[in-house]
Amino acid sequence: MSLSVENQPDRSRYALLQDGEVIGVAEYDLRHDAIVFTHTEIDEDKREKGMASTLVQTALDDVRDHSGLRVIASCPYVRRWLSQHPGYADLQKR
């Protein structure tokens with residue numbers, strides 16, 4: 001099984017792919033100097049422990065490494081993930 005995450009800016013989302021098939025998304029909106037994560041979902045029949053976490057962590061790493069944007073977590077999953085990973089606190093817009 002091969003997992004990868006790719007930013008799909010034309011669809012305003014990060015997609016989690018398993019062997020090339022989209023099995024999850026972290027949707028976002030861009031606002032000025034921020035990226036607002038609005039919804040995260042993994043296909044119910046494809047869920048395995050840690051997939052959503054992999055998607056969110058990879059998306060946040062990409063934001064940190066390539067955009068300079070601040071993160072607003074309106075998605076409850078992303079908000080909870082950030083609260084459990086204090087090493088990403090610097091990304092959050094206050």
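The shown structure was predicted, so the numbers you read here are calculated from the model rather than taken from an experiment. (Residues numbered from 1 in each chain as written. Predicted model: local features only at pLDDT ≥ 70, side-chain atom pairs only at ≥ 80, totals over all residues. Heavy atoms only, no water.)

J.: How do you make sense of the sheet that holds strand E4 (residues 34–42) when you look at a structure like this?
T.: Pairing between the strands of a sheet comes from backbone hydrogen bonds, and it takes one of two forms, parallel or antiparallel. Strand order in the open sheet made by the five strands is E1-E2-E3-E4-E5, with mixed pairing throughout. Among the strands making up the open sheet, the edge pair consists of strand E1 (3–8) and strand E5 (70–73). Between one strand axis and the next, the sheet turns by 25° as a mean value, whatever way the strands run. With eight bridges joining them, strand E3 (residues 21–31) and E4 adopt antiparallel strand pairing. What sits directly across from Arg31, in E4, is Ala34. Contacting E1, strand E2 (13–18), E3, E4 and E5, helix H1 (residues 51–66) crosses the sheet at an angle of about 160° to E4. Helix H2 (residues 76–84) rests against E4 and E5 of the sheet, and its axis sits at about 120° to E5. (Pairing = 2+ DSSP bridges. Helix = DSSP H or I, 4+ residues; strand = E, 2+ residues; numbered from the N terminus. Axes fitted to C-alpha atoms, helices over the stretch in contact; angles between N-to-C directions. Contact = heavy atoms within 4.5 Å.)

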